[in-house]
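# Coordinate inspection notes
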Amino acid sequence: MSWSRREFLERSAALSAAGFLPRLPGAWEAPAPVAGTPFRGRPCVVSSSNGIRGVQVAYDRMVAGEDPLDAAIAGVNIQELDPDDQSVGLGGLPNEEGVVQLDASCMHGPTRRAGAVACLEGIATPSLVAKAVMDYTDHVMLVGEGAGRFARAMGFKEQNLLTDKSRQDWMRWKSRLNPNDAWLDHSEDIRIKFTTGTINMNAVNAAGDIGSVTTTSGMAWKVPGRIGDSPIVGAGQYCDNTVGAAGSTGRGEANIKTCGAFLVVEFMRQGAPPQQACLKALERVVAMTEARLLGPGGRPRFDLEFYAVTKAGDFGGATLYSGGRFAVCDERGARLEAAASLFRR
Ligand code: GLY
């Protein structure tokens, strides 16, 4: 179904008045089936572990017929709107000036489209704004004030995203700063809740159509204007409807340099199973890590995680350090699975 911008605005105004988030209609037309046997896969949703509630929601919506990207976005909306998840959306930890700045990107496999926003302020659901960029503009990415103006014009509700809990954490961090602190070398002392948490979700339906989305408040206490990997198509998430999708959480700076999500999908294209593809991408991350971030034995002093699903519904996840888990939902229900790892913690 394709909606005009005017129809969308009228509808989202009515929904906002009724207290609902604007729901973005899919503006794409499903491609006509190709002659021959239709592809039969296994519906599956895979995400970072904080998506354990969301994967069930996404899976249920998808098997009920909802588009995989819309379903995945509904899944991540749960974390975006949860004030207790301090790594994303409402309640996300702020930048060094106490301002919550959000990043997100998404891709829609069947129509080969992408959308992204970065440094978005005052809107709790950047994933939906990223999809609006994809559906209603000729662009892929909007940032900062322009992204905010666009979101407001599309009917998204503005709100204060800094919860008391996150404000207090920020105050505690700020109170421990001293004149000798540098951006490059953080002492352990000021790393209070130095999170790079995020949520990535990838969904594939029985027809093998895929959607992927990643959304985050980024690195806590970041320099204002800092953008991580989440809004970078090919780094924070990537989707190719002929192969599969992948996404990441963890230190965005490390992932951007390897175009990690794209790399995972390319390894799967070459035949690697999802878990193996994630591990191979992590090896590349280690190889690309600058010396100041390497500890004893050449091991990175940060963590990074990849999650992946194939067109047929096979899935996997891997982290740099052992002990990580990821969320999955398929015909066996929602659960956490152990991630493979490169190094023992
Ligand atoms: N992976 C999230 C970030 O670094 O912003």
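Nothing here was measured: the structure is a model prediction, and the numbers come from that model.

## Concerning the overall build of the protein
- Looking only at helices and strands, one finds nine helices and 13 strands in the protein.
- Counting all 345 residues of the protein, 58% fall into the buried class.
- Partitioning the contacts of the protein with sequence separation of at least 6, the portion at a separation of at least 24 is 66%.
- For the protein, the exposed area adds up to about 14500 Å²; of that, 54% sits on carbon and sulfur atoms.

## Details of the pairing of strand S11 (residues 325-330)
- In terms of burial, S11 is a largely internal element, five of the six residues being buried.
- Bridge count between strand S1 (residues 44-48) and S11: four bridges; the pairing is antiparallel. Bridge assignment links valine 45 to a residue of S11, and that residue is cysteine 329.
- Here six bridges tie S11 to strand S12 (residues 333-338), and the two strands are oriented antiparallel to one another. Paired with phenylalanine 326 across the bridge in S12 is glutamate 337.
- Connecting S11 to the next strand, S12, in antiparallel fashion are two residues.

## Overview of the environment of proline 94
- For proline 94, the position within the fold is in the loop between helix H3 (68-80) and strand S2 (102-108).
- Measuring from C-alpha to C-alpha, the distance between proline 94 and leucine 162 comes to 7.2 Å, with 68 residues separating the pair along the chain.
- Contact partners of proline 94, with chain neighbours within four places excluded, come to Val99, Val100, Leu162, Ser166, Trp170, Ala220, Trp221 and Lys222.

## Points about the sheet that holds strand S7 (residues 237-240)
- Here five strands make up an open sheet; going across it, the order is S7-S8-S9-S10-S13 and the pairing mixed. Only two strands of the sheet have a single neighbouring strand rather than two, namely S7 and strand S13 (340-343). Each adjacent strand pair in this sheet contributes to an overall mean axis angle of 15°, direction not counted.
- Taken together, the four bridges between S7 and strand S8 (residues 244-250) define a ladder with antiparallel strand orientation. Opposite tyrosine 238, over in S8, you have alanine 246 as the bridge partner.
- Across the sheet, helix H9 (residues 274-287) is in contact with strand S9 (304-310), strand S10 (315-321) and S13; its angle to S10 comes to roughly 30°.

Conventions and cut-offs
- Residues numbered from 1 in each chain as written.
- Predicted model: local features only at pLDDT ≥ 70, side-chain atom pairs only at ≥ 80, totals over all residues.
- Heavy atoms only, no water.
- Helix = DSSP H or I, 4+ residues; strand = E, 2+ residues; numbered from the N terminus.
- Buried < 20%, exposed > 50% of the residue type's maximum accessible area, 1.4 Å probe, protein only.
- Contact = heavy atoms within 4.5 Å.
- Areas by Shrake-Rupley, 256 points an atom, 1.4 Å probe, with all protein chains shown as cover.
- Pairing = 2+ DSSP bridges.
- Axes fitted to C-alpha atoms, helices over the stretch in contact; angles between N-to-C directions.

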